[in-house]
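Chains, contacts and geometry: an overview
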Amino acid sequence: MSVDQLRRWRRARLLPANEKTWGGPGSTSRIPATAAVIAKALAAEARQGRSIQETALRVFTSHLHVPLGHGGIASSLAWWITHRDDGPARRIEQAYEGAATEEEGIEAALAIAKRTVRRRRPLPGKVGAPDATHRQFMDAYARMLLGNVLGATIMGSDHRMAMFEVWAAYLQQHSSSDIQNTPSYTPDELESMGHELVVSFDLAGAVDDKPLPLKRRREEDLALVQNISPTTLFWTRDSLALLDRAANILAVGADVVPDDQTVTAVDEIVESDDDAHVSASFVLSLIARPQWLQGRQRDLWVKTLYRLLDGCRDNNLPGGQADLRVAMRVLEPVMLALPELVERIYHSWPADRLEDRDDPTDLDTEIAELKMLIQSTYREGSLSR
């Protein structure tokens, strides 16, 4: 950590200004106590060639106890939104918009998408010469990438069918042990389901007018960041972090202490048809990212930021299928009981699996972090709009 770094972080509004006190003939300047905590976290994430903004966002998404300033985070978020599509997505946009006709634009954009997919090799587990199934998957993946950038109005059913083909091919390449709770479908069933989804998604995409989807999303997200309050921003981050930990704890609890009252309370929420309970069930099952999944993801900070922006919108979550605040209100009794559930899981751990149990010191750290997130999520007035 150098003096120049400290100056750059302060100019980026990531470090608090020195505190001045007046007395006698002049004033004295003192570095705030929080500055050392922030500087230490920034130094831990800083890398050669990594921008200040990315460093700040990595701290913001993973060092939850660090009191970063809202101004620095908001400007870093705006930087990320502006540049997150740099690369293949931006080149696809430019190729399409720079062509003389729509047909030529799609052809040029598809060529970029195919080159991108060949470099990424998105289907794991395939080695050697690609077979027909793998080539079909790669072609569908390229069309899906193209549709994600250009949108349903331009790509139509081809985009939605490509999405389903990618999903179907992925399932066919993996055994049930690789993906938990994955149902098995015959090829005819997959094709039928795919066509049904194409029809429903095309109806939803009928209002997908220009500008192109990614460009429009950038504009919407930049407007969101400009207007978002610090309270909403930090509350959403901490609520999502608490959800992630809850999903992991509840999954272990269902295995070790399936009859525990906190575990069964979640089962009752999942089985309920009440709208608020449906929101809570959706959030727990589809929005939360358990630790085992996080460990398999690259650039987790980027995925966290996408979830964060979705959680800060008026309708909160993708497709308006759930309201984050409503869900967290329903889940409050469960969340408040998590620290005690962690201890009950620890003491009820099967004797033949003790090598998999957390170390007691890790347990104390986990419980302390849980309590911090619970306090942040459920402080007075935090669940109101």
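Above: the structure in question.
Since the structure is predicted, the reported quantities are computational estimates derived from the model, not experimental observations.

Some thoughts on the nonpolar core
Of all hydrophobic cores here, the largest spans 40 residues; its most connected members are Leu242, Leu243, Met328, Leu331, Met335, Leu338 and Leu341. Taken together, the elements giving at least two residues each to this core come down to helix H12 (230-256), helix H13 (261-271), helix H14 (275-287), helix H17 (324-330), helix H18 (332-336), helix H19 (338-347) and helix H20 (360-377). If one sorts the elements of this core by residue count, H12 sits on top with 10 residues.

Focus: the side chain of arginine 218
Residue position: arginine 218 is located in helix H11 (residues 213-227). Contact partners of arginine 218, with chain neighbours within four places excluded, come to Ile81, Thr82, Arg84, Asp85, Arg90 and Glu93.

Here's the deal with the packing of helix H4 (residues 70-83) against H12
For the pair H4 and H12, the least separation of the axes is 11 Å and the interaxial angle reads 75°. The angle between the axes of H4 and H12 places the two elements in the roughly perpendicular class. Residues His70, Ile73 and Leu77 of H4 touch H12, and the partners they reach there are Pro230, Leu233 and Phe234. Along the lines of polarity and charge, the residues of the contact of H4 with H12 split into 5 nonpolar, 1 polar and no charged.

Topic: the environment of valine 270
With respect to the element layout, valine 270 can be found in helix H13. Classification of valine 270 by relative accessible area gives partly exposed; the value is 46%. With 10 residues separating them along the chain, valine 270 and alanine 280 place their C-alpha atoms 7.8 Å apart.

Considerations on the pattern of salt bridges
In the structure shown here, the tally under the stated rule is 13 salt bridges. A salt bridge links glutamate 54 to arginine 58; its shortest N-O distance comes to 2.9 Å. With glutamate 54 and arginine 58 both in helix H3 (residues 52-62) and 4 residues apart, the pair spans about one turn of that helix. Each member of the pair, glutamate 54 together with arginine 58, is buried. Of the charged contacts, one joins aspartate 255 and arginine 353 as a salt bridge, the two residues approaching to 2.8 Å between their closest N and O atoms. Taken as a pair, aspartate 255 in helix H12 and arginine 353 in the loop between H19 and H20 lie far apart in primary sequence, 98 residues in all.

Thoughts on a negative patch on the surface
Taken together, the side chains of Glu340, Glu343, Asp358, Asp359, Asp362 and Asp364 define an acidic patch exposed on the protein surface. Those elements that place two or more of their residues in the negative patch are H19 and H20. Tracing the chain through its elements places aspartate 359 in the loop between H19 and H20.

A look at the environment of isoleucine 249
By secondary structure assignment, the location of isoleucine 249 is in helix H12. You can call isoleucine 249 buried: its relative accessible area is 4%. Distance from isoleucine 249 to leucine 341, taken between C-alpha atoms, is 8.0 Å for residues 92 residues apart in sequence. For isoleucine 249, the residues in contact, after removing those within four places along its chain, are Leu338, Leu341, Val342, Ile345, Glu366 and Leu370.

So, the packing of H12 against helix H16 (residues 300-312)
Running from N to C, H12 and H16 cross one another at 120°; their axes reach a closest spacing of 9 Å. Judged on the interaxial angle alone, H16 and H12 are oblique. Between H12 and H16 lies a crossing of right-handed hand. Counted together, Thr232, Leu233, Thr236, Arg237, Leu240 and Asp244 of H12 and Arg307, Leu308, Gly311 and Cys312 of H16 form the full contact between these two elements. Tallied by class, the residues present in the contact of H12 with H16 amount to 4 nonpolar, 3 polar and 3 charged.

What counts, and at which threshold
Sequence order as written defines the numbering, with residues in each chain counted from 1. The predicted nature of this model means local features are confined to residues of pLDDT at least 70 and side-chain atom pairs, given and counted, to a pLDDT of 80 or more, with totals for whole chains, interfaces and linings taken over all residues. With hydrogens and water excluded, all non-hydrogen atoms of the structure serve as input to the side-chain values. For the purposes of this section, nonpolar cores are sets of buried Ala, Val, Leu, Ile, Met, Phe, Trp, Tyr and Cys residues that join through side-chain atoms within 4.5 Å. We call a residue buried when its accessible area falls under 20% of the maximum for its residue type, exposed when it is over 50%, and partly exposed in between, using a 1.4 Å probe and counting protein chains only. Starting at the N terminus, helices and strands are each numbered in turn, a helix being any DSSP run of H or I of at least four residues and a strand any DSSP run of E of at least two. In what follows, a contact means two residues having at least one pair of non-hydrogen atoms within 4.5 Å. Only the contacting stretch of a helix is used when fitting its axis, a line to C-alpha atoms as for every element, and angles between N-to-C directions run 0 to 180 degrees. Comment on the angle field: the value is read as roughly parallel under 35 degrees, roughly antiparallel over 145, roughly perpendicular from 65 to 115, and oblique elsewhere. Each residue gets one label: Ala, Val, Leu, Ile, Met, Phe, Trp, Tyr, Cys and Pro are nonpolar, Asp, Glu, Lys and Arg are charged, and the others, such as Gly, are polar. Just to be clear on terms, a salt bridge is a Lys or Arg side-chain nitrogen sitting within 4 Å of an Asp or Glu carboxyl oxygen. Put simply, a patch holds well-exposed residues, over 30% relative accessible area, that have no salt bridge, with like charges counted together within 9 Å and Val, Leu, Ile, Met, Phe, Trp or Tyr side chains within 5 Å. What sets the accessible areas is the Shrake-Rupley method with a 1.4 Å probe; for residues, cover comes only from the shown protein chains. As used throughout, the charge tally considers Lys and Arg to be positive and Asp and Glu to be negative, leaving His and the chain termini uncounted. Every charge is mapped to an atom, namely NZ of Lys, CZ of Arg, CG of Asp or CD of Glu. In this scheme, a crossing is called left-handed if the near helix is turned counterclockwise away from the far one by less than a right angle; it is called right-handed if the turn is clockwise.

The quantities given are spatial measurements derived from coordinates; they are silent on function.
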